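So you can see what is in the structure, the chains are spelled out below.
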Amino acid sequence: MVTNLYNSWLPKKVNQTTIIGAALLVSILFNLPRVLSVFDIIKSTEGDTLETPWLDVLMRFVFLFFASWLILQLNANWRYLLKSRSLFIEIVITILVHVVLFYSIIRLFLLVYTWLIGNEPTTSEIGYIYLGYIIVFVLLFFVAKMLHYQVVHKHDLIEKEALKRHSLESELMALKNQVNPHFLFNSLNSLSSLVRDNEDATKFIDELSLMYRYILQSREEDLVSLEQELNFLKNYMYLIKTRYRNRVEIEIAIDTKWLKHTIPVLSLQLLVENAVKHNEISKENPLLIKVYIEDNHIVVENEMRPRKTLVKSTGQGLNNIDKRYLILKRNNIIIDQYENKFKVKLPLN
């Protein structure tokens, strides 16, 4: 089971009312000369009335409306169907899809026209139909792009405003809970001197001090290198192993070429903490956590053995990481859960 969180943060789609309105407007403008000819407003050069059956006008109007709606919908709301990792391939796919769609619509139009009206259009009229639909397709393509850009732009403004408000709330909370870092470090140093004869206690205090120093130094940063996060994770795991001894193990298999990639600060620690919090840890069932690279993702994996004393999960830890990934890297984390394995994949691109 693969899950992407925070899909609601992705750019919203263009409203259907807007798309229908645009398709209706294009269909009306394109068929206006024929509508006017029915009312004897447009005269031929000989002074005769251009006779255009109502059925012909209605059929063209309805057909062009649905064709316009389809093109707008494809380029404004169904753009993900044309997406590709390669820009060149995406352009080729877009062109091919539109060419196939264009010829399919024209052929369908001619078939319906012949069946409904009772006679085939002349060669010159077919030429005008092709020319007219080419103009409409190109126009609608750019209209759809503009509509999509407006929605994304509006969504970005709303998101920035929400982030600004969230930042102010976070600053207020930090002020309320602020502890003088120097006081804490001095207290840790004092405690270390009191237990100097106990190597384990001294080591524990030193690792705790390094952890807190990292948290303080990185609180002004959004992204840190994978190398920094792994070093911090090792400090954190020392504290965990001090508590659980050999009942918790972590295997880190990361090639050095990945160490310069950036991830949101404290992401790995939160995932490991999540595994420790929700799984049974005992002598009979030790917990093994694996950290490795897979398909340009850093993966944190563990076996699922829920604690017998159920710990209520709010999902806030994973939501927090996914939200930060979406804001900072425009990407989602992936949760992969199958059989007794639980994986969280963090994109490195």
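Residues numbered from 1 in each chain as written. Predicted model: local features only at pLDDT ≥ 70, side-chain atom pairs only at ≥ 80, totals over all residues. Heavy atoms only, no water.

Chemist: Explanation requested: the nonpolar core in the structure shown.
Modeler: One recurring pattern in soluble globular proteins is that nonpolar side chains are buried together. Counting residues in each nonpolar core, the largest one holds 38 residues, and the members touching the most others are Leu 226, Ile 254, Leu 268, Val 276, Ile 298 and Leu 346. When residues of this core are traced back to their parent elements, those giving at least two are helix 6 (199-218), helix 7 (226-244), helix 8 (267-278), strand 5 (287-294), strand 6 (297-303), helix 9 (316-329) and strand 8 (341-347). Examining the composition of this core, we find that 9 residues originate from one element, helix 7, more than from any other. With near-sequence residues (within four places) excluded, Ile 254 lies in contact with Leu 226, Leu 230, Leu 259, Val 291, Tyr 292, Ile 293 and Ile 298. Of all hydrophobic cores here, the second largest spans 29 residues; its members include Val 26, Met 59, Leu 110 and Phe 137. (Core = buried A, V, L, I, M, F, W, Y, C linked by side-chain atoms within 4.5 Å. Buried < 20%, exposed > 50% of the residue type's maximum accessible area, 1.4 Å probe, protein only. Helix = DSSP H or I, 4+ residues; strand = E, 2+ residues; numbered from the N terminus. Contact = heavy atoms within 4.5 Å.)

Chemist: Help me understand a nonpolar patch on the surface, please; the structure alone is not making it clear to me.
Modeler: Residues Leu 87, Ile 91, Ile 95, Val 99 and Tyr 103 make up a contiguous nonpolar surface patch of about 500 Å² in total accessible area. Relative to the elements of secondary structure, Ile 91 occurs in helix 3 (residues 87-117). Here Ile 91 falls in the partly exposed class, since its relative accessible area comes to 44%. (Patch = residues over 30% accessible without salt bridge, like charges linked within 9 Å, V, L, I, M, F, W, Y side chains within 5 Å. Areas by Shrake-Rupley, 256 points an atom, 1.4 Å probe, with all protein chains shown as cover. Salt bridge = Lys/Arg side-chain N within 4 Å of Asp/Glu carboxyl O.)

Chemist: Is there a simple way to think about the environment of Gln 16 in this case?
Modeler: For Gln 16, the position within the fold is in helix 1 (residues 16-38). Counting along the chain gives 61 residues from Gln 16 to Asn 77, while the straight-line C-alpha distance between them is 9.5 Å. Apart from residues no more than four positions distant in its own chain, Gln 16 is found in contact with Trp 69, Gln 73 and Asn 77.

Chemist: I would appreciate a short explanation of the packing of aromatic side chains in the present structure.
Modeler: One pair of aromatic rings is described through two measures. These are the centre distance and the angle between the planes. Enumeration according to the criterion identifies 9 aromatic pairs in this entry. Ring centres 5.3 Å apart and planes at 70° place the aromatic pair Phe 63 and Phe 109 in the edge-to-face group. Of this pair, Phe 63 sits in helix 2 (residues 54-76) while Phe 109 sits in helix 3, placing them 46 residues apart in sequence. On the accessibility criterion, Phe 109 (2% relative accessible area) is buried. Three or more aromatic residues joined by ring pairs form one cluster here, namely Phe 30, Phe 63, Phe 109 and Tyr 133. (Phe/Tyr/Trp six-rings, centres within 6.5 Å; stacked < 30°, edge-to-face > 60°.)

Chemist: Hey, could you run me through unusual backbone geometry in this one?
Modeler: Most peptide bonds adopt trans geometry, and most residues besides glycine take a negative phi value. For Asp 295, which is not a glycine, the phi torsion comes out positive at approximately 55°. Mapped onto the secondary structure, Asp 295 falls in the loop between strand 5 and strand 6. The exposure class of Asp 295 is exposed, given its relative accessible area of 64%. Phi at Glu 339 is positive, roughly 50°, even though this residue is not glycine. By the secondary structure assignment, Glu 339 is in the loop between strand 7 (334-338) and strand 8. Judged by its relative accessible area of 74%, Glu 339 is exposed.

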